Amino acid sequence: DDYYDTNDLLMFDEISSMHNSNWNEFISIKPKEEYTLGELFAGGGGLAVGFEKAGFKKTFLSEIDKNACKTLRHNRNDWNVIESDIKSVDFKEYHNKVDVVTGGFPCQAFSYAGKKLGFNDIRGTMFFEFARVMQEVNPKIIVAENVKGLINHDNGNTLKTILNVIDELGYTILEKKLYQMIFYKVPQKRERIIIVAVRKDLANKLTFTQPSVYNRIMTLNDAFY
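### Focus: the overall build of the chain
At step 1: Within the chain one finds 8 helices and 7 strands.
At step 2: By the compact-globule yardstick of 17 Å for 225 residues, the chain fits well, its C-alpha radius of gyration being 19 Å.
At step 3: For the chain, long-range pairs separated by at least 24 residues make up 65% of all intrachain contacts whose partners lie at least 6 apart in sequence.
At step 4: The centroid of the 29 positive side-chain charges in the chain is displaced by 5 Å from the centroid of its 30 negative side-chain charges.

### Overview of the sheet that holds strand S2 (residues 57-63)
At step 1: If you walk across this open sheet you meet the 7 strands as S3-S2-S1-S4-S5-S7-S6, and the pairing is mixed. Every interior strand has two partners, whereas the edge strands, strand S3 (81-83) and strand S6 (171-180), have only one. Sheet twist, expressed as the average angle between the axes of neighbouring strands with direction ignored, equals 15°.
At step 2: Against the sheet, helix H4 (residues 46-53) contacts strand S1 (36-40), S2, strand S4 (100-103) and strand S5 (141-147), and its axis sits at roughly 175° relative to S2.
At step 3: The sheet contacts of helix H6 (residues 126-137) involve S1, S4, S5 and S6, and relative to S4 the element is tilted by about 170°.

### Some details on the layout of surface pockets
At step 1: Within this model, the largest pocket holds a volume of roughly 2,500 Å³.
At step 2: As for the largest pocket, its lining consists of 46 residues, and the residues nearest its centre are Phe-26, Gly-50, Phe-51, Ala-54 and Phe-56.
At step 3: Elements with a contribution of two residues or more to the lining of the largest pocket: helix H3 (23-27), H4, S5, S6 and strand S7 (191-199).
At step 4: No other element matches H4, which puts 6 residues into the lining of the largest pocket.
At step 5: For the lining of the largest pocket, a count of residues per class yields 27 nonpolar, 8 polar and 11 charged.
At step 6: What the second largest pocket holds in volume is close to 250 Å³.
At step 7: If you trace the second largest pocket, you find 14 residues lining it, with Ser-17, Lys-177, Phe-183, Tyr-184 and Val-213 closest to the centre.
At step 8: Going through the elements one at a time, helix H2 (13-19) and S6 are the ones with two or more residues in the lining of the second largest pocket.
At step 9: Taken together, the residues of the lining of the second largest pocket break down into 7 nonpolar, 4 polar and 3 charged.

How each quantity is defined
Residues numbered from 1 in each chain as written. Predicted model: local features only at pLDDT ≥ 70, side-chain atom pairs only at ≥ 80, totals over all residues. Heavy atoms only, no water. Helix = DSSP H or I, 4+ residues; strand = E, 2+ residues; numbered from the N terminus. Rg over C-alpha atoms; globule rule 2.2 N^0.38 Å. Contact = heavy atoms within 4.5 Å. Lys, Arg positive; Asp, Glu negative; His and termini not counted. Charge placed at Lys NZ, Arg CZ, Asp CG, Glu CD. Pairing = 2+ DSSP bridges. Axes fitted to C-alpha atoms, helices over the stretch in contact; angles between N-to-C directions. 1 Å grid on protein atoms, 1.4 Å probe; cavity = no way out; pocket = protein on both sides within 12 Å on 5 of 7 lines; lining within 4 Å. Points joined across faces, edges and corners; volume = space filled by probe spheres on them. Nonpolar A, V, L, I, M, F, W, Y, C, P; charged D, E, K, R; others polar.

Following this line, the structure appears as structure tokens:
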């Protein structure tokens, strides 16, 4: 029977990355101190659980959907879940008290009436609320995730606007990359663009390292098992 030798497959970047995975070394990294996290558009907590595993302490999780909030409280009764429309929530009480703000804001078309592609062009969108919370909380780092379609949305103008606003608010982009979750021990083909940015006064004090891929592809059978 015909078969492929491992070395024959290493020409493919995905196979090579899994073969050379340093996953165990990567996930063994623990924070040197207790870092805090505020999450927007938290949903049922998938992203929040990931940050919890990474050692982050939850300060707040904002979510409007009542069933998602029930899920969050049921699974983690010590989490501070803010069940409300984000537009009506004032986050100023968390100013300089949260290290990282994260969330997957719904992607909407922006108005380009001002043509400056800045903060004033995003009013009325959920990203405006994300940006407002950045202003009110002043976190050290922000992590935003969104669907693959954001990359080409409105011929790339939407993503360009988002990056411009992040820069305008005083943050340096460290990462803007499409990640395929299937390579990170998640048994689904979900693709997400991840944006990571650090406050400009801290930008020269750290470097960003992309996470290692897992050493194999997980299946639904693995998840159920």
